[in-house]
Amino acid sequence: MDRRPTIVDVARQAGVSKSTVSLVLQNSALVKEETRQQVRQAMADIGYVYNRAAATLRSANAGLIGLVINDLRNPFFTEFATSLQMALSAAGYATVLANTDEDPDLQAQVVSAMLEHGVSALIIAPTYGQEDATFGAISRAGIPALQVLRKVVPEVDRFPFAAPDYLAGGRLAARHLLDLGARRIAFLGGLEGREVTYQRMSGYLAVLAAAGLPPLVLPGRPGRAFGREAARLLARSHPDVDAVICFNDLVALGLLSGCAEIGRRVGPDLKIVGFDDIQDCAQVFPGLTSVRCDIACFGQRMAETMLRWLRDGCAPPPETLTPVELIARGSTLSR
């Protein structure tokens, strides 16, 4: 090597992350002894010398993990962020949280700022667009980064992806409605051309195809306003629709309100299934049937995944899908 070795070189030699090397240099108790010895041997092999004076200038930011969320207004993402932050805090890490509000420019800006302030890792529920501005910067920084809940870059070997099993959730919802006698089932909400929309819709499409029934997909912004407007659209343009699977619970809750406005009975006249099972689903009337993603447990699991990556250099698999289940309530069961 014709230059002075860096901790990136040590990490490569030891087969661990840059953050793990940093923890070893700080004599952190978070690193297993076996991993510590592996890193120190790599330092000796390549002749790395630790510059403690320079490291002292950075020490105030050690143990920071960046958490970037696309839409904290949605309770689904808020519960995820809260659960993850609490789990990381219990392990001695501080979380730097940013909401990007579905703005790719803002996402690139906050990620750049987090990198400049020395975060050890990043967990991102990403927005769509200008992906290289965000993930290119992370790649150059050489720190662990997880894509969660949405996959916007395909390089899952560098940026592993984890989410609830959306495809299975769509299957559960469609089969539930078929078992209840529904025969004209629509899929409502979600923006066209986005991978997360397709994943949540694909199980529905597969089940209807197997049953020999035609799909009806009505895309739209994934919020209450669209769901509320859709109640009139369905009554006016698709009166034969007797059941709906919504892209998320916000759309479904809006649809419940819209049906109340026009006097359409939810359950007997129109069966509605949401997706995510946020807390509001059990509090509205009628209760909203929904695909439960257990987002709080998912947040805890992602914290544990990142901690293993940082402490032990154990990178997660390229893709992780967690189980889902259908929670049936009055929006499909009332008669």
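Structure report, in brief. In this text, all values refer to a predicted model and were calculated from it rather than measured experimentally.

Across the sheet, which stays open at both edges, the 6 strands sit in the order β7-β6-β8-β9-β10-β12 with mixed pairing between neighbours. Each end of this open sheet is capped by a strand with a single partner; those strands are β7 (216-218) and β12 (325-327). Neighbouring strand axes in the sheet, compared pairwise and without regard to direction, differ in orientation by 20 degrees on average. By the bridge criterion, 4 bridges tie strand β6 (residues 185-188) to strand β8 (residues 243-246) in an arrangement that is parallel. Along β8, the bridge assignment pairs A186 with V244. The sheet contacts of helix α8 (residues 166-179) involve β6, β8, β9 (271-276), β10 (289-292) and β12, and relative to β9 the element is tilted by about 165 degrees. Contacting β6, β7 and β8, helix α10 (residues 224-237) crosses the sheet at an angle of about 135 degrees to β7.

Generally speaking, a soluble globular protein has its nonpolar side chains buried in company with each other. With 106 residues, the main nonpolar core has F80, L122, L255 and I272 as its most contacted residues. Take this core: its biggest share by element is 8 residues, from helix α12 (residues 295-312). In this view, I272 contacts V244, C246, A252, L255, L256, C259, V266, L288, T289, S331 and T332; residues no more than four positions away in its chain are not counted.

With 14 residues, helix α11 (residues 249-262) extends 20 Å between its outermost C-alpha atoms, agreeing within 8% with the 20 Å of an ideal straight helix rising 1.5 Å per residue. The buried count for α11 comes to 10 of 14 residues, which makes it a mostly enclosed element. Every buried residue of α11 is listed here: D249, L250, V251, A252, L253, G254, L255, L256, G258 and C259. Contact partners of the buried residues in α11: α5 (75-90), β6, α10, β8, β9 and β10. Where α11 starts, the residue carrying a side-chain oxygen 3.2 Å from the main-chain nitrogen of L250 turns out to be N248. Directly beyond the C-terminal end of α11, a positive phi value near 80 degrees is found at G263.

Running from N to C, helix α2 (residues 18-25) and helix α3 (residues 33-46) point in directions that differ by 95 degrees, and their axes come no closer than 10 Å. As judged from the angle between their axes, α2 and α3 are roughly perpendicular. On α3, the residues that touch T20, V21, V24 and L25 of α2 are T35, R36, V39, R40 and M43. Classifying every residue of the contact of α2 with α3 by side-chain character gives 5 nonpolar, 2 polar and 2 charged.

This paragraph deals with the packing of aromatic side chains. Throughout the structure, instances matching the rule amount to 5 aromatic pairs. For the pair F80 and F298, a centre-to-centre distance of 5.7 Å together with 40 degrees between the ring planes defines the contact as tilted. Of the two residues, F80 is situated in helix α5 and F298 in helix α12; the sequence distance between them amounts to 218 residues. Neither residue differs from the other here; F80 and F298 are each classed as buried.

So, on to unusual backbone geometry. For the bond running from F285 to P286, omega is -10 degrees, close enough to zero to count as cis. Along the chain, the position of P286 falls in the loop between β9 and β10. Even without being glycine, D294 reaches a positive phi, approximately 45 degrees. Mapped onto the elements of the fold, D294 is located in the loop between β10 and α12.

Turning to the pattern of salt bridges, a few remarks are in order. One pass over the full model with this rule turns up 13 salt bridges. One salt bridge in this structure joins R200 and D276, with 2.7 Å as the shortest N-O distance. Of the two residues, R200 is situated in helix α9 (residues 195-211) and D276 in strand β9; the sequence distance between them amounts to 76 residues. Residues R200 and D276 agree in their burial class; the two are buried. Ionic pairing is found between R265 and D269, a salt bridge with its closest N-O pair at 3.1 Å.

Each value, and the rule that gives it
- Residues numbered from 1 in each chain as written.
- Predicted model: local features only at pLDDT ≥ 70, side-chain atom pairs only at ≥ 80, totals over all residues.
- Heavy atoms only, no water.
- Pairing = 2+ DSSP bridges.
- Helix = DSSP H or I, 4+ residues; strand = E, 2+ residues; numbered from the N terminus.
- Axes fitted to C-alpha atoms, helices over the stretch in contact; angles between N-to-C directions.
- Contact = heavy atoms within 4.5 Å.
- Core = buried A, V, L, I, M, F, W, Y, C linked by side-chain atoms within 4.5 Å.
- Buried < 20%, exposed > 50% of the residue type's maximum accessible area, 1.4 Å probe, protein only.
- Expected span 1.5 Å × (residues − 1).
- Polar contact = N/O pair within 3.5 Å; in protein donor to acceptor, adjacent residues only side chain to side chain.
- Parallel < 35°, antiparallel > 145°, perpendicular 65-115°, else oblique.
- Nonpolar A, V, L, I, M, F, W, Y, C, P; charged D, E, K, R; others polar.
- Phe/Tyr/Trp six-rings, centres within 6.5 Å; stacked < 30°, edge-to-face > 60°.
- Salt bridge = Lys/Arg side-chain N within 4 Å of Asp/Glu carboxyl O.

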